[in-house]
Amino acid sequence: MKPGGDANGSNGHATGSAEWHGMRDRAAHFWVASLGRLSARWPRAVRMLKPLCAPGAWHASPTIQHATLANAARVLGPDAPIEEREALAKAVCGSFYEFIAEVGRNSRRSPRGMLVEVEEIQGHEAYMRVRAQKRGAILAVAHMGSYEIAMAALREFEPRIHVVFRRDTRDFFESQRRALHERLGVHEAPLDDGWGIWYHLRDSLCKDEVVLIQADRVLPGHKGVAMPFLHGHVEIPTGPVKLAMASGAPIVPVFAIRTPDGRVRIIIEDAIEAPAPWPREGVHPALVQLTRIIESYVKRYPEQWLLFHPAWMEDQPHQCAPQKGNA
């Protein structure tokens, strides 16, 4: 008998659990891909199905329930009634449903066709004054709202945008994302290609080009700092600030918020400077400033923050926490 196994020479519980998780992941990938394909062909039908499908996904998945309820408690506070936490958790599922449906719709639309959803762009004039300095720009975005529509809008006045991302294991999403990037004319910078991609991004910024990067989640293999964030601490990636330090480019937070009528309001915040070096003790002030801006949007639009894992470090007991930052 193998150490730790049962009489049949295997760890039955671990094997069964792994098989169950694998089956559940495959089922989730199938339904998400099916929704995307359906939305590409019959977007109106997908909208009609939302009141049934979005709550159904929440009730059917204990993993989604656990993560979204944990995040809702950190947003609303420990004294928030369970009814309010459940309402927010289900609203996040509804926003994710809208995101998947949008991926499908965009797969058959031109960049110009996507722009019909833009309500307005706030902060455009200030942004153009920053860009007139010819130092490039690091556009820090969050997993919030509709950043595909934001990319289409930004391409109207930015000729070269490099999008930093990690390839999706789901072939359906990866193929649609690649096709969308090609239609938008943006340049992919996949982190899967190794650390050399950061040198390429630094050089691109020095040529007065633009880099779009997620700033609210640390990807596997990369570094972050635990920052105070609403009712707990969230690990914020250091990549945007270190890239700004290496290139001299400003960080410009950009948010694409869905309005009640289904359109998108793009908000370009004031630029954040990140002079070198990183402080010997504590956290770079630019990271603190960037965190506070992201925090303010999560507080105002928590149902649009599309994270389906426990985002707060206090809810991740098995994670080795990095050094905490001071706000």
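Everything discussed here concerns the structure shown above.
Scope of this entry: the structure provided in the associated data block.

Conventions adopted
Residues numbered from 1 in each chain as written. Predicted model: local features only at pLDDT ≥ 70, side-chain atom pairs only at ≥ 80, totals over all residues. Heavy atoms only, no water. Helix = DSSP H or I, 4+ residues; strand = E, 2+ residues; numbered from the N terminus. Expected span 1.5 Å × (residues − 1). Buried < 20%, exposed > 50% of the residue type's maximum accessible area, 1.4 Å probe, protein only. Pairing = 2+ DSSP bridges. Axes fitted to C-alpha atoms, helices over the stretch in contact; angles between N-to-C directions. Contact = heavy atoms within 4.5 Å. Core = buried A, V, L, I, M, F, W, Y, C linked by side-chain atoms within 4.5 Å. Phe/Tyr/Trp six-rings, centres within 6.5 Å; stacked < 30°, edge-to-face > 60°. Lys NZ or Arg CZ within 6 Å of the ring centre and 35° of its normal. Salt bridge = Lys/Arg side-chain N within 4 Å of Asp/Glu carboxyl O.

**Considerations on helix 3 (residues 62-76)**
Taking 1.5 Å of rise per residue, the 15 residues of helix 3 would be expected to cover 21 Å, and the 21 Å separating its terminal C-alpha atoms lies within 8% of that figure. When helix 3 is considered as a whole, its buried residues turn out to be A67, T68, A70, N71, A72 and V75. Backbone geometry just downstream of helix 3 places G77 in the positive-phi region, at approximately 105°.

**With respect to the sheet that holds strand 3 (residues 161-165)**
Overall, mixed pairing links the seven strands, which are arranged 1-9-8-2-5-3-4 in an open sheet. Across the chains shown, the open sheet's two edge strands, defined by having one partner strand only, are strand 1 (118-122) and strand 4 (187-190). Within this sheet the neighbouring strands show an average axis-to-axis angle of 25°, counted without direction. Relative to the sheet, helix 10 (residues 239-247) contacts strand 2 (137-141), strand 5 (210-214) and strand 8 (251-258), its axis offset from that of strand 2 by approximately 175°.

**Description of the nonpolar core**
Of all hydrophobic cores here, the largest spans 47 residues; its most connected members are I138, M144, I251, F255, Y297 and W305. It is helix 11 (residues 285-300) that contributes the most residues to this core, eight residues altogether. When near neighbours in sequence (up to four residues on either side) are disregarded, I251 contacts I138, A140, P240, V241, A244, D270, A271, I272, A274 and L290. Counting residues in each nonpolar core, the second largest holds 26 residues, with V118, L139, A150 and V186 among its members.

**A few points about the environment of P277**
Its place among the elements puts P277 in the loop between strand 9 (264-268) and helix 11. Taking the C-alpha atoms as reference, P277 lies 9.2 Å from K242; in sequence the two are 35 residues apart. In this view, P277 contacts M245 and H284; residues no more than four positions away in its chain are not counted.

**A look at the packing of aromatic side chains**
Under the criterion given, the structure shown has seven aromatic pairs. When the ring of F255 is compared with that of Y297, the centres are 3.7 Å apart and the planes differ by 10°; the resulting orientation is stacked. With a gap of 42 residues between them, F255 in strand 8 and Y297 in helix 11 connect regions that are remote in the sequence. Note on F255: relative accessible area 3%, which makes it buried. By relative accessible area, Y297 is classed as buried at 2%. One aromatic cluster is present, formed by F229, W305 and W312 through successive ring pairs. Directly above the aromatic system of W278 lies the positively charged group of K242, at a separation of 5.6 Å from the ring centroid. Sitting over the face of the ring of Y297, R300 holds its NZ or CZ atom 5.1 Å from the ring centroid.

**Concerning the pattern of salt bridges**
Between side chains of opposite charge, a pair can form when the charged atoms approach closely. Under the counting rule described, the total for this entry stands at 11 salt bridges. A salt bridge links R166 to D192; its shortest N-O distance comes to 3.8 Å. Of this pair, R166 sits in the loop between strand 3 and helix 8 (171-184) while D192 sits in the loop between strand 4 and helix 9 (196-206), and the two are 26 residues apart along the sequence.

**Concerning unusual backbone geometry**
The linkage connecting A276 with the following residue, P277, adopts the cis geometry, with an omega of 0°. The backbone of D208 shows a phi angle near 70°, a positive value even though the residue is not glycine. Within the secondary structure, D208 sits in the loop between helix 9 and strand 5.

Distances and angles like these do not, on their own, reveal function.
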